[in-house]
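As a plain string of letters, each chain reads:
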Amino acid sequence: MELSQAIFSGCEYAGTAAFAVSGAMIAVEKHMDLFGILFLAVVTALGGGTIRDVLIGSFPPRMFSSYRYLLLAALCALVVFSVARGFGTRYLANRERLDQINNIFDAVGLGVFAVSGARIAVEAGYIGNPFLTVFLGMTTAVGGGIFRDMLIREVPFVLKKRVYAIAAITGALAYWLCLRAGALEPAAAFIGLTLTFVLRMVATHFRWNLPRAIP
């Protein structure tokens, strides 16, 4: 396996774990049972990639053909379940701190999958189509979160608060621009991932939001 492919696979595992933990933590807050926690974690971690695969005609989606990601997401969900059950009410009592931790995991997953989606678009031969490349990066990054929020009957986070999709778009676009400029793929991926993560965390810290029609 080439070094760049190994780095890419490692990042995907990290992103899958990060999103799975994020989804599982929200499921715990919603007082879901074990199956609900597992299901929400898997959907959050793999939902965006499934949308991406359908859009580029890759069947069956990797969620159903490579069980490593599914097992990793399920394992992360079980860890969160075990921790929450072990600490009981003390777990929910620290909601503010947990939200901060959840936001970090979410930002890591956002950056990883923004680059991952764009990279798979490039591998599929669409590097000459920047709109599709960036769109697939954004969709991979935010798709699972949209599914998650719909399942818990909330307006998707990406549509209402903070710089979220914009961060994913920025990271995917940065990755594509770096490749077109001749940068090595690991460097391009690192720049795209880091830019997404930093923008997301800064937006959270300063409470940046896009303007609304009715404040």
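This text goes with the structure placed above it.
Here is a short report on the structure shown in this document.

Conventions adopted
Residues numbered from 1 in each chain as written. Predicted model: local features only at pLDDT ≥ 70, side-chain atom pairs only at ≥ 80, totals over all residues. Heavy atoms only, no water. Core = buried A, V, L, I, M, F, W, Y, C linked by side-chain atoms within 4.5 Å. Buried < 20%, exposed > 50% of the residue type's maximum accessible area, 1.4 Å probe, protein only. Helix = DSSP H or I, 4+ residues; strand = E, 2+ residues; numbered from the N terminus. Contact = heavy atoms within 4.5 Å. Axes fitted to C-alpha atoms, helices over the stretch in contact; angles between N-to-C directions. Parallel < 35°, antiparallel > 145°, perpendicular 65-115°, else oblique. Left-handed = near helix turned anticlockwise from the far one by under 90°. Nonpolar A, V, L, I, M, F, W, Y, C, P; charged D, E, K, R; others polar. Patch = residues over 30% accessible without salt bridge, like charges linked within 9 Å, V, L, I, M, F, W, Y side chains within 5 Å. Areas by Shrake-Rupley, 256 points an atom, 1.4 Å probe, with all protein chains shown as cover. Salt bridge = Lys/Arg side-chain N within 4 Å of Asp/Glu carboxyl O.

### Side note on the nonpolar core
Among the nonpolar cores identified, the biggest contains 37 residues, and Val80, Tyr91, Leu110, Ala141 and Val142 are the most heavily contacted of them. For this core, the secondary structure elements donating two or more residues are α1 (3-29), α2 (34-55), α3 (67-87), α5 (95-123), α6 (130-151) and α7 (165-180). Here this core takes 9 residues from α1, the largest share from any one element. When sequence neighbours within four positions are dropped, the list of residues in contact with Val142 reads Leu110, Val158, Tyr164, Ala165 and Ala168. Among the nonpolar cores identified, the runner-up in size contains 9 residues, and Val122, Val134, Cys178 and Leu179 belong to it.

### A few points about the packing of α5 against α7
Taken N-terminus to C-terminus, the directions of α5 and α7 make an angle of 45 degrees; their axes are 8 Å apart at the nearest point. As the angle between them shows, α5 and α7 are arranged oblique. When the axes of α5 and α7 are compared, the crossing they make is right-handed. Here Leu110, Ala114, Val115, Ala118, Arg119 and Val122 of α5 lie close against α7, whose contacting residues are Ala167, Ala168, Ala172, Tyr175 and Leu179. Partitioned by chemical class, the residues of the contact of α5 with α7 number 10 nonpolar, no polar and 1 charged.

### Overview of a nonpolar patch on the surface
Residues Leu75, Val79, Val83 and Phe87 make up a contiguous nonpolar surface patch of roughly 360 Å² in combined accessible area. Here Leu75 is to be found in helix α3.

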